[in-house]
Amino acid sequence: MATGVELLLAAALCLLCPNETVRYPAGFLHLDKNGEVTTHVELKPLEEKADAPLDDVPIETLETIALKAEKLLKLREWINGRHLRIATLEDYPLSYTKRFDNGTVVGLGVAFELIDFLKEKFNFTYEVLVPEGNIIGSKTDFADSLIEMLNTTVTDIAAAFLPLLSEQRGFVFYSSTTLDEGEWIMVMQRPNESASGSGLMAPFDYWVWILIFISLLTVGPVIYFLIILRNKLTGDKEQKPYSLGHCAWFVYGALMKQGSILSPIADSTRLLFATWWIFITILTSFYTANLTAFLTLSKFTLPFNTVNDILIKNKHFVSQRGSGVEYAIKTTNESLSMLSRMAQQNYAVFTVATNDTYNLHNYVEKSGYVFVRDRPAITHALYLDYRYRKTISLDNEKIHCPFAKAKEPFLKKKRSFAYPIGSNLSELFDRELLNLVESGIIKHLSAKDLPNAEICPQDLGGTERQLRNGDLMMTYYIMFAGFATAIVVFSTELIFRYINSRHDSHNQWATHGVGRTPNGHQFKPHKWFWRKSSSDSAKKLLNGSQTSNTTPPPPYQSIFSSKGRQDNTSMNRWHQAVNFGANGNGGFGALRPAVADSQYGGMGITSTGLRKFINGREYMVYRTPEGQSQLVPVRVPSAALFQYTYTE
């Protein structure tokens, strides 16, 4: 095996060797530095044997190369000095025209920079034609279109970035070299706040809210059913079976972090209540944390980011008339055919205006539409608008950038030049265009007049995050909905109260014959009758609330009077808990009610019972004959009510 030193020595000796003439096989083409076939090489017939064996080179490849080179040579001779007719579209900055006073039309843009390069390469001249409709065209939109000019051979080539659409392939021949992959972007008004969702709805996903609402409606009945089932299976009489309304309000109160008057005794019922409380505690903790993060972070999102957002929300959008977007929507087998219904319902507007700045101000800024345009065009339009607004305000970024671009493309299509069917110019031009694409020249030409920084990005980068009305809008909605619901319920209560009162009064007087004249007409009884009946019903209600074997508490005066206590038989039946001294120690003193002071002149008295403070109020606690505690209020207003209730 040769060493490294030996290899270096062999290379040095090869440099001193005489250069032998390289012998090529018959039919092999020599190209000069310009890629043209040299004239001094004689093209030998392929049937002749080569001077060297070519076992590893197939004859078909050599024949194909020879025929192609010969055809290209003839095309070069044909196009040399020829005048071509080139069609284009008004599609700034990729292709557009400028018309002079003498009627001359000059093509400009990236497409014509490529055409000028080919012009210098192949030595031809050209004139520019623009279709009257300034549209690409389709099977149903053929008149005054670009494909009509190509199909009828009015022009030799279409110098425009044309999207490769399936329906147009039957009318024109697309270039085999793809110039770029076009991306159509949505541009809309920049919202004042992030569109991730309103402030209160943002922490959770849509389906999370749905499940929370379902659980709020179902947990109450489930708890009610399990309590009823437990009582029937166990026969427990201590656990009170709560009503369905109480269970539902417990579930809602727990969600709102409110207490509950329900106090279950059974362990299984307690576990049900505790499970719901734990679930609500975890849920509200997550909600609070995510809501805080949402309100403090400055991340910005848009309400319309994809085609599905446009479709679901039925958002009006606008695009250029006769562009790739229109035909991708109206053609059945294209990627945007699901938007055809929106186009039929006039949610999609296809404007004939070629000025993108005008479309931005007229449709987006004034009408709130979404503008769909290819990326180079909309980037230039936003940059021009940004420079203009810079002259109005120097430091307010929100004034500089009233528009925002979606990050997801609305449509993606490969684009290329087009030729008439059967044209050979594609074979001559595509090789040169491919070199320009691979070297990045086309991408450079598309963005050569733009700054390196992104123009009006989606997130302007502001660090401040102040709460606005948009963040609290859901709070306002909930408040208004709550008040409206309360008003409806209140009105319903009034209506049912009126209906029930009419029904009760009718039954009360009509049944007993009271309130009717001899001829059968009703009349309203006197006011004293109403007062008497209401007072009687109140007394019946009061007496009905007490059991027959329960002795009512003694009159209020007898509590502080030994004389009254001796005369009152009901007082003697009460258990004496504590005897207070007559010297005032342990007595009421200044705490005696005014009625006792007025009757006994503030003298020391002896009373029974125990004084206690319950919920900040003073009571005398007595024992009933049944062993239950009875509270008698000491405070003057409560004492007056007590006296009125049991003596009047």
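By convention here, each chain's residues receive numbers from 1 onward along its written sequence. For a predicted model such as this one, the threshold for reporting local features is a pLDDT of at least 70, and the threshold for listing and counting side-chain atom pairs is 80 or more; totals across whole chains, interfaces and linings nevertheless cover every residue. The basis for the side-chain values is all heavy atoms of the structure; hydrogens and waters are excluded.

**Notes on the sheet that holds strand E13 (residues 610–614)**
Just so we agree on the cut-off: Two strands make a pair as long as DSSP finds a minimum of two bridges between them. Counting from the N terminus, the helices are DSSP H or I runs at least four residues long and the strands are E runs at least two residues long. Orientation is described by lines fitted to C-alpha atoms, with helices fitted over the stretch in contact, and by angles between N-to-C directions that extend from 0 to 180 degrees.
The three strands are arranged E13-E14-E15 in an open sheet whose pairing can be described as antiparallel. Here the strands that pair on one side only, and so sit at the sheet edges, are E13 and strand E15 (629–633). Adjacent strand axes in the sheet meet at a mean angle of 40° when their direction is disregarded. Inspection of the sheet shows strand E14 (residues 617–623) paired to E15 by five bridges, in the antiparallel sense. Across the sheet, residue arginine 623 finds its bridge partner in E15, namely serine 629.

**Examining empty space enclosed by the protein**
Heads up, the rule is: Both site types are read off a 1 Å grid over the protein atoms alone. A 1.4 Å probe that fits but cannot get out defines a cavity, while an open set with protein on both sides within 12 Å along at least five of seven lines defines a pocket; lining residues have an atom within 4 Å of a point. Grid points are joined across faces, edges and corners, and a volume is the space filled by probe spheres set on the points. Under this grouping Gly is polar, as are all residues other than the nonpolar Ala, Val, Leu, Ile, Met, Phe, Trp, Tyr, Cys and Pro and the charged Asp, Glu, Lys and Arg.
Evaluation of the coordinates by the stated rule reveals one cavity of 30 Å³ or more. In this structure, the largest cavity occupies an estimated 30 Å³ of space. Forming the walls of the largest cavity are Leu382, Asp385, Tyr386, His400, Cys401, Pro402, Phe403 and Cys456. If you tally residues by element for the lining of the largest cavity, the top one is helix H12 (residues 375–390), at three residues. Of the residues that constitute the lining of the largest cavity, the class distribution is six nonpolar, one polar and one charged.

**Topic: the layout of surface pockets**
As a volume, the largest pocket reaches approximately 750 Å³. Mapped by element, the contributors of at least two residues to the lining of the largest pocket are helix H5 (206–234), helix H6 (244–255), helix H7 (267–296) and helix H16 (473–512). In terms of residues, the lining of the largest pocket owes the most to one element, H5, which gives five residues. Here the lining of the largest pocket is built from residues that sort into 16 nonpolar, three polar and one charged.

**Considering the pairing of strand E8 (residues 317–320)**
Sheet topology note: the E8/strand E9 (residues 348–351) ladder contains four bridges and is parallel. Among the inter-strand pairings, phenylalanine 317 is bridged to a residue of E9, identified as alanine 348. In this structure, E8 lies alongside strand E10 (residues 370–374), joined through two bridges in parallel fashion. Note on E10: the bridge partner recorded for valine 318 is phenylalanine 371.

**Quick notes on the packing of aromatic side chains**
Quick reminder of the rule: Ring pairs shown here join Phe, Tyr and Trp side chains whose ring centres sit within 6.5 Å, with only the six-membered ring taken for Trp; geometry is labelled stacked below 30 degrees between planes, edge-to-face above 60, and tilted in between.
Tallying each qualifying case throughout the model produces 16 aromatic pairs. Here the aromatic rings of phenylalanine 124 and phenylalanine 429 are separated by 5.9 Å at their centres, their planes lie at 35°, and the arrangement is tilted. Taken together, the residues span a long stretch of sequence, with phenylalanine 124 in the loop between helix H3 (110–122) and strand E4 (125–129) and phenylalanine 429 in helix H14 (residues 425–438) at a distance of 305 residues. Relative to phenylalanine 410, the ring of phenylalanine 317 lies with its centre 5.8 Å away and its plane at 50°, an arrangement referred to as tilted. Placement of the pair is phenylalanine 317 in strand E8 and phenylalanine 410 in the loop between strand E11 (403–405) and strand E12 (411–419), with a sequence separation of 93 residues.

**Concerning the confidence of the model for the protein**
Which entries qualify depends on this criterion: Known as pLDDT, the predictor's confidence for each residue is given on a scale from 0 to 100. Every residue pair with non-hydrogen atoms within 4.5 Å of one another is taken to be in contact.
Averaged over all residues, the pLDDT of the protein is 76; the fraction at 70 or higher stands at 68%. Confidence drops under a pLDDT of 50 for residues 18–31, and excluding neighbours within four residues, the segment shows 21 contacts in the predicted structure. Every residue in residues 509–518 scores below 50 in pLDDT, and together they form 16 contacts with partners more than four places removed in sequence or on other chains.

**Overview of the nonpolar core**
Where a protein is soluble and globular, its nonpolar side chains tend to be buried together. The criterion, for reference: Grouping buried Ala, Val, Leu, Ile, Met, Phe, Trp, Tyr and Cys residues that are joined through side-chain atoms within 4.5 Å yields what is termed a nonpolar core. For every residue, the accessible area obtained with a 1.4 Å probe (protein chains only) is divided by the maximum for its type, and the residue is called buried under 20%, exposed over 50%, and partly exposed between those limits.
Counting residues in hydrophobic clusters, the biggest one holds 30 residues, and the most contacted among them are Phe417 and Phe429. Elements supplying a minimum of two residues to this core: helix H2 (59–79), strand E1 (83–87), H3, E4, strand E5 (157–163), E12, H14 and helix H15 (441–446). No other element matches the seven residues that H3 contributes to this core. In contact with phenylalanine 417, not counting residues within four places along its chain, are Ala111, Leu114, Ile115, Ile157, Ala158, Ala159, Ala160, Tyr174, Ser175, Leu179 and Leu433.

**Examining the state of the cysteines**
What counts is decided by this rule: Count a disulfide wherever a pair of cysteine sulfur atoms falls within 2.5 Å.
All chains considered together, the criterion is met by one disulfide. Across the disulfide from cysteine 401 sits cysteine 456; the S-S distance is 2.1 Å. Here the S-S torsion is close to -80°, and the disulfide linking cysteine 401 with cysteine 456 is therefore left-handed. In this pair, cysteine 401 sits in the loop between helix H13 (397–400) and E11 while cysteine 456 sits in the loop between H15 and H16, placing the two residues 55 residues apart along the sequence. Across the pair, exposure class does not vary: cysteine 401 and cysteine 456 are buried alike.

**A closer look at the pattern of salt bridges**
As a reminder, the rule being used: Here a salt bridge means any side-chain nitrogen of Lys or Arg lying within 4 Å of a carboxyl oxygen belonging to Asp or Glu.
For the structure shown, the criterion picks out 16 salt bridges. Salt-bridge contacts for aspartate 141 lead to arginine 321; the nearest nitrogen and oxygen are separated by 2.7 Å. With aspartate 141 in the loop between E4 and helix H4 (146–151) and arginine 321 in the loop between E8 and helix H9 (324–330), this pair connects stretches of sequence that are 180 residues apart. Note on aspartate 141: relative accessible area 15%, which makes it buried. Under the relative-accessibility criterion, arginine 321 is labelled partly exposed at 28%. Across the pair lysine 330 and glutamate 326 runs a salt bridge whose closest N-O atoms are separated by 2.8 Å. A residue pair is termed a helical-turn pair when its members lie 3 or 4 positions apart in one helix, as lysine 330 and glutamate 326 do in helix H9 at four residues. Look at glutamate 326 and you get buried, because its relative accessible area is 3%.

**Considering the packing of H3 against H14**
To keep it simple, the criterion reads: Between 65 and 115 degrees an angle is taken as roughly perpendicular, under 35 as roughly parallel, over 145 as roughly antiparallel, and anywhere else as oblique. Helix crossings get a hand from a simple test, with the near helix turned counterclockwise from the far one by less than a right angle marking a left-handed crossing and a clockwise turn marking a right-handed one.
Close contact between H3 and H14 brings their axes to 11 Å; oriented N to C, the two are set at 125°. If you check the angle between H3 and H14, you find them oblique. For the pair H3 and H14, the crossing hand works out as right-handed. Where H3 abuts H14, its residues Leu114, Phe117, Leu118, Lys121 and Phe122 lie against Leu428, Phe429, Glu432, Leu433 and Leu436. Per-class residue counts for the contact of H3 with H14 are eight nonpolar, no polar and two charged.

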